[in-house]
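As a plain string of letters, each chain reads:
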Amino acid sequence: MDQRLKNGRSETEAHSRLKRLALIWAQRQSYSACAVEVTLPRCRYRADLAAYRANDKGPSTTAIFECKQALVDLRRDNGCTSTTARRLQKVYQRREILERNLRVHYPALRIPDSLFAEFDSHNFEAIDHRVYKQVLRQTRALQNRLFDCTKFETLIRYRCANLFFVVLPNELFREAEIPLGWGALSESKDELVLARRPIWHETDPANQVHFLERIARAGTRALNRNLDIRFESVAAGNCRL
(Lines give C-alpha, C1' and ligand atoms only; values in the text may rest on other atoms or scores of the structure.)
Protein backbone atom coordinates (compact mmCIF):
# COMPACT_ATOMS: atom_id res chain seq x y z
CA MET A 1 0.00 0.00 0.00
CA ASP A 2 1.23 3.49 -0.88
CA GLN A 3 2.70 4.97 2.30
CA ARG A 4 1.68 8.47 1.15
CA LEU A 5 -1.95 7.66 1.93
CA LYS A 6 -1.20 6.61 5.49
CA ASN A 7 -1.46 9.05 8.35
CA GLY A 8 1.07 9.57 11.10
CA ARG A 9 -0.87 7.33 13.48
CA SER A 10 -1.17 3.57 13.36
CA GLU A 11 -3.35 2.62 10.42
CA THR A 12 -4.30 -0.76 9.03
CA GLU A 13 -3.88 -1.82 5.43
CA ALA A 14 -7.66 -2.24 5.16
CA HIS A 15 -8.32 1.35 6.21
CA SER A 16 -5.62 2.69 3.91
CA ARG A 17 -7.07 0.68 1.01
CA LEU A 18 -10.54 2.16 1.61
CA LYS A 19 -9.07 5.67 1.57
CA ARG A 20 -7.32 4.92 -1.73
CA LEU A 21 -10.54 3.62 -3.30
CA ALA A 22 -12.43 6.67 -2.02
CA LEU A 23 -9.82 8.97 -3.56
CA ILE A 24 -10.16 7.23 -6.92
CA TRP A 25 -13.96 7.33 -6.75
CA ALA A 26 -13.99 11.03 -5.85
CA GLN A 27 -11.77 11.97 -8.78
CA ARG A 28 -13.96 9.95 -11.13
CA GLN A 29 -16.85 12.12 -9.92
CA SER A 30 -14.86 15.24 -10.97
CA TYR A 31 -13.67 16.19 -7.49
CA SER A 32 -10.41 17.74 -8.67
CA ALA A 33 -9.09 18.86 -5.26
CA CYS A 34 -8.74 16.07 -2.69
CA ALA A 35 -6.65 15.36 0.40
CA VAL A 36 -6.55 12.79 3.18
CA GLU A 37 -6.55 13.52 6.93
CA VAL A 38 -8.04 17.00 6.56
CA THR A 39 -8.78 19.06 9.67
CA LEU A 40 -12.28 20.39 9.11
CA PRO A 41 -13.46 23.97 9.63
CA ARG A 42 -15.99 24.75 12.38
CA CYS A 43 -15.32 21.54 14.35
CA ARG A 44 -12.54 19.53 15.99
CA TYR A 45 -12.73 16.50 13.68
CA ARG A 46 -10.55 15.34 10.81
CA ALA A 47 -11.91 13.73 7.66
CA ASP A 48 -10.33 10.60 6.23
CA LEU A 49 -10.81 12.23 2.83
CA ALA A 50 -12.09 15.67 1.88
CA ALA A 51 -12.92 16.61 -1.71
CA TYR A 52 -13.90 19.73 -3.63
CA ARG A 53 -15.64 19.92 -7.03
CA ALA A 54 -15.74 23.27 -8.83
CA ASN A 55 -18.74 24.31 -10.93
CA ASP A 56 -18.48 27.22 -13.36
CA LYS A 57 -22.25 27.37 -13.80
CA GLY A 58 -23.33 27.17 -10.15
CA PRO A 59 -22.26 26.44 -6.60
CA SER A 60 -19.30 24.18 -5.99
CA THR A 61 -19.61 20.89 -4.10
CA THR A 62 -17.72 19.79 -1.01
CA ALA A 63 -17.69 16.21 0.22
CA ILE A 64 -16.40 14.29 3.24
CA PHE A 65 -15.55 10.58 3.19
CA GLU A 66 -15.22 8.50 6.36
CA CYS A 67 -13.72 5.01 5.98
CA LYS A 68 -14.87 2.26 8.33
CA GLN A 69 -13.21 -1.14 8.14
CA ALA A 70 -15.20 -2.73 10.98
CA LEU A 71 -18.75 -2.47 12.28
CA VAL A 72 -17.54 -1.40 15.71
CA ASP A 73 -15.78 1.60 14.11
CA LEU A 74 -18.99 2.62 12.35
CA ARG A 75 -21.09 2.32 15.49
CA ARG A 76 -18.57 4.20 17.64
CA ASP A 77 -19.03 7.42 15.61
CA ASN A 78 -22.76 6.95 14.99
CA GLY A 79 -24.05 8.10 18.37
CA CYS A 80 -27.16 10.27 18.71
CA THR A 81 -26.72 13.27 20.99
CA SER A 82 -30.36 13.59 22.08
CA THR A 83 -30.79 9.86 22.84
CA THR A 84 -27.50 9.67 24.73
CA ALA A 85 -28.30 12.84 26.70
CA ARG A 86 -31.68 11.40 27.77
CA ARG A 87 -30.04 8.16 28.91
CA LEU A 88 -27.35 10.10 30.77
CA GLN A 89 -30.00 12.18 32.55
CA LYS A 90 -31.79 9.01 33.74
CA VAL A 91 -28.54 7.49 35.01
CA TYR A 92 -27.67 10.77 36.76
CA GLN A 93 -31.05 10.80 38.52
CA ARG A 94 -30.50 7.21 39.62
CA ARG A 95 -27.08 8.18 40.97
CA GLU A 96 -28.61 11.06 42.97
CA ILE A 97 -31.14 8.70 44.60
CA LEU A 98 -28.41 6.19 45.43
CA GLU A 99 -26.16 8.83 46.98
CA ARG A 100 -29.03 10.25 49.01
CA ASN A 101 -29.74 6.81 50.48
CA LEU A 102 -26.09 6.02 51.03
CA ARG A 103 -25.66 9.23 53.06
CA VAL A 104 -28.37 8.01 55.41
CA HIS A 105 -27.16 4.42 55.76
CA TYR A 106 -23.41 5.15 55.79
CA PRO A 107 -22.87 8.45 57.67
CA ALA A 108 -19.21 7.53 58.27
CA LEU A 109 -18.52 8.16 54.57
CA ARG A 110 -18.85 11.92 55.10
CA ILE A 111 -15.67 13.93 54.52
CA PRO A 112 -15.70 17.16 56.60
CA ASP A 113 -14.22 19.40 53.93
CA SER A 114 -16.72 22.28 54.12
CA LEU A 115 -17.86 24.88 56.66
CA PHE A 116 -21.40 23.53 56.42
CA ALA A 117 -22.23 19.85 56.89
CA GLU A 118 -24.80 19.81 54.07
CA PHE A 119 -22.04 20.68 51.59
CA ASP A 120 -19.57 18.04 52.78
CA SER A 121 -18.51 15.47 50.20
CA HIS A 122 -18.77 11.71 50.69
CA ASN A 123 -16.46 8.86 49.72
CA PHE A 124 -19.11 6.49 48.34
CA GLU A 125 -16.56 4.34 46.53
CA ALA A 126 -15.02 3.28 49.87
CA ILE A 127 -17.81 0.75 50.54
CA ASP A 128 -17.48 -0.96 47.12
CA HIS A 129 -21.24 -0.79 46.53
CA ARG A 130 -21.99 -2.96 43.47
CA VAL A 131 -24.96 -0.96 42.14
CA TYR A 132 -23.24 2.38 42.74
CA LYS A 133 -20.13 1.23 40.88
CA GLN A 134 -22.33 0.10 38.00
CA VAL A 135 -24.01 3.53 37.85
CA LEU A 136 -20.60 5.24 37.79
CA ARG A 137 -19.48 3.02 34.91
CA GLN A 138 -22.65 3.82 32.97
CA THR A 139 -22.17 7.55 33.62
CA ARG A 140 -18.60 7.51 32.32
CA ALA A 141 -19.53 5.45 29.27
CA LEU A 142 -22.45 7.73 28.34
CA GLN A 143 -20.40 10.88 28.88
CA ASN A 144 -17.66 9.52 26.63
CA ARG A 145 -20.24 8.60 24.02
CA LEU A 146 -21.91 12.01 24.24
CA PHE A 147 -18.67 13.95 23.75
CA ASP A 148 -16.57 11.58 21.61
CA CYS A 149 -18.90 9.28 19.68
CA THR A 150 -21.17 11.59 17.70
CA LYS A 151 -18.89 12.43 14.80
CA PHE A 152 -21.37 11.67 12.00
CA GLU A 153 -24.14 13.72 13.58
CA THR A 154 -21.80 16.62 14.44
CA LEU A 155 -20.39 16.96 10.93
CA ILE A 156 -23.90 17.34 9.53
CA ARG A 157 -25.09 19.65 12.30
CA TYR A 158 -22.15 21.99 11.68
CA ARG A 159 -22.68 21.71 7.91
CA CYS A 160 -19.02 20.94 7.34
CA ALA A 161 -19.71 19.91 3.72
CA ASN A 162 -22.49 19.46 1.17
CA LEU A 163 -22.25 15.68 0.94
CA PHE A 164 -21.13 12.96 3.34
CA PHE A 165 -20.13 9.38 2.51
CA VAL A 166 -19.33 6.35 4.64
CA VAL A 167 -16.88 4.03 2.89
CA LEU A 168 -16.94 0.42 4.03
CA PRO A 169 -16.45 -3.18 2.87
CA ASN A 170 -19.49 -4.67 1.14
CA GLU A 171 -20.02 -7.29 3.85
CA LEU A 172 -20.45 -4.55 6.47
CA PHE A 173 -23.11 -2.59 4.61
CA ARG A 174 -26.38 -2.51 6.52
CA GLU A 175 -28.90 0.12 5.43
CA ALA A 176 -30.19 0.67 8.95
CA GLU A 177 -26.70 1.40 10.34
CA ILE A 178 -25.76 4.11 7.86
CA PRO A 179 -25.95 7.52 9.60
CA LEU A 180 -28.92 9.74 8.77
CA GLY A 181 -28.14 12.05 5.88
CA TRP A 182 -25.03 10.14 4.85
CA GLY A 183 -24.47 8.21 1.66
CA ALA A 184 -22.69 4.86 1.54
CA LEU A 185 -19.96 3.57 -0.75
CA SER A 186 -19.37 -0.17 -0.48
CA GLU A 187 -16.26 -1.95 -1.69
CA SER A 188 -16.88 -4.53 -4.40
CA LYS A 189 -14.15 -6.13 -6.51
CA ASP A 190 -11.57 -3.43 -5.73
CA GLU A 191 -13.99 -0.63 -6.61
CA LEU A 192 -16.54 1.44 -4.75
CA VAL A 193 -20.24 1.22 -5.54
CA LEU A 194 -22.78 3.81 -4.45
CA ALA A 195 -24.97 1.78 -2.08
CA ARG A 196 -26.98 4.72 -0.76
CA ARG A 197 -27.27 8.30 -2.00
CA PRO A 198 -26.43 11.09 0.43
CA ILE A 199 -28.70 14.03 1.24
CA TRP A 200 -27.57 17.45 0.02
CA HIS A 201 -26.73 19.96 2.76
CA GLU A 202 -26.49 23.65 2.00
CA THR A 203 -23.33 25.48 3.08
CA ASP A 204 -22.43 29.12 2.69
CA PRO A 205 -19.78 30.11 0.09
CA ALA A 206 -17.35 31.30 2.77
CA ASN A 207 -17.37 27.86 4.38
CA GLN A 208 -16.60 26.26 1.02
CA VAL A 209 -13.56 28.52 0.67
CA HIS A 210 -12.38 27.52 4.16
CA PHE A 211 -12.95 23.87 3.22
CA LEU A 212 -10.80 24.24 0.10
CA GLU A 213 -8.08 25.97 2.13
CA ARG A 214 -8.01 23.02 4.56
CA ILE A 215 -7.59 20.63 1.62
CA ALA A 216 -4.69 22.74 0.35
CA ARG A 217 -3.02 22.74 3.79
CA ALA A 218 -3.36 18.97 4.13
CA GLY A 219 -1.97 18.53 0.63
CA THR A 220 1.01 20.73 1.49
CA ARG A 221 1.72 18.72 4.64
CA ALA A 222 1.62 15.50 2.64
CA LEU A 223 3.94 16.96 0.00
CA ASN A 224 6.39 18.06 2.68
CA ARG A 225 6.42 14.54 4.12
CA ASN A 226 6.98 12.98 0.70
CA LEU A 227 9.88 15.35 -0.05
CA ASP A 228 11.25 15.10 3.51
CA ILE A 229 10.87 18.85 4.07
CA ARG A 230 10.86 19.59 7.79
CA PHE A 231 9.57 22.63 9.66
CA GLU A 232 13.12 23.71 10.50
CA SER A 233 13.96 23.95 6.80
CA VAL A 234 11.00 26.25 6.17
CA ALA A 235 11.44 28.39 9.29
CA ALA A 236 15.15 28.94 8.67
CA GLY A 237 14.48 31.29 5.77
CA ASN A 238 11.22 32.81 6.99
CA CYS A 239 10.89 36.08 5.07
CA ARG A 240 7.51 37.16 3.73
CA LEU A 241 7.35 39.17 0.51
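Reading the values: rules and limits
- Residues numbered from 1 in each chain as written.
- Predicted model: local features only at pLDDT ≥ 70, side-chain atom pairs only at ≥ 80, totals over all residues.
- Heavy atoms only, no water.
- Helix = DSSP H or I, 4+ residues; strand = E, 2+ residues; numbered from the N terminus.
- Buried < 20%, exposed > 50% of the residue type's maximum accessible area, 1.4 Å probe, protein only.
- Contact = heavy atoms within 4.5 Å.
- Areas by Shrake-Rupley, 256 points an atom, 1.4 Å probe, with all protein chains shown as cover.
- Expected span 1.5 Å × (residues − 1).
- Phe/Tyr/Trp six-rings, centres within 6.5 Å; stacked < 30°, edge-to-face > 60°.
- Lys NZ or Arg CZ within 6 Å of the ring centre and 35° of its normal.

### Describing the overall build of the chain
Part 1 of the argument: A count of helices and strands for the chain gives 7 helices and 8 strands.
Part 2 of the argument: In the chain, which comprises 241 residues, the proportion classed as buried is 40%.
Part 3 of the argument: Across the chain, the fraction of contacts at a sequence separation of at least 24, relative to all contacts at a separation of at least 6, is 60%.
Part 4 of the argument: When the accessible area of the chain is evaluated, it comes to approximately 15,000 Å², of which 51% is carbon and sulfur surface.

### Describing the environment of Leu71
Part 1 of the argument: Along the chain, Leu71 turns up in helix α2 (residues 71–76).
Part 2 of the argument: Between the C-alpha atom of Leu71 and that of Glu171, which follows or precedes it by 100 residues, the distance is 9.8 Å.
Part 3 of the argument: In this structure Leu71 touches Leu172, Arg174 and Glu177, once residues within four positions along its chain are discounted.

### Re helix α1 (residues 13–28)
Part 1 of the argument: A rise of 1.5 Å per residue sets the reference length of α1, with its 16 residues, at 22 Å; its end C-alpha atoms lie 23 Å apart and thus fit the reference within 8%.
Part 2 of the argument: For α1, the full list of buried residues reads His15, Ser16, Leu18, Lys19, Leu21, Ala22, Trp25 and Ala26.
Part 3 of the argument: Ser30 sits one or two residues past α1 and shows a positive phi near 75 degrees.

### Thoughts on the packing of aromatic side chains
Part 1 of the argument: By the definition in use, this model includes 5 aromatic pairs.
Part 2 of the argument: Among the aromatic residues, those joined into a cluster by ring pairs are Trp25, Phe65 and Phe165.
Part 3 of the argument: Residue placement shows Arg53 over the ring face of Tyr31; its charged tip is 4.5 Å from the ring centre.

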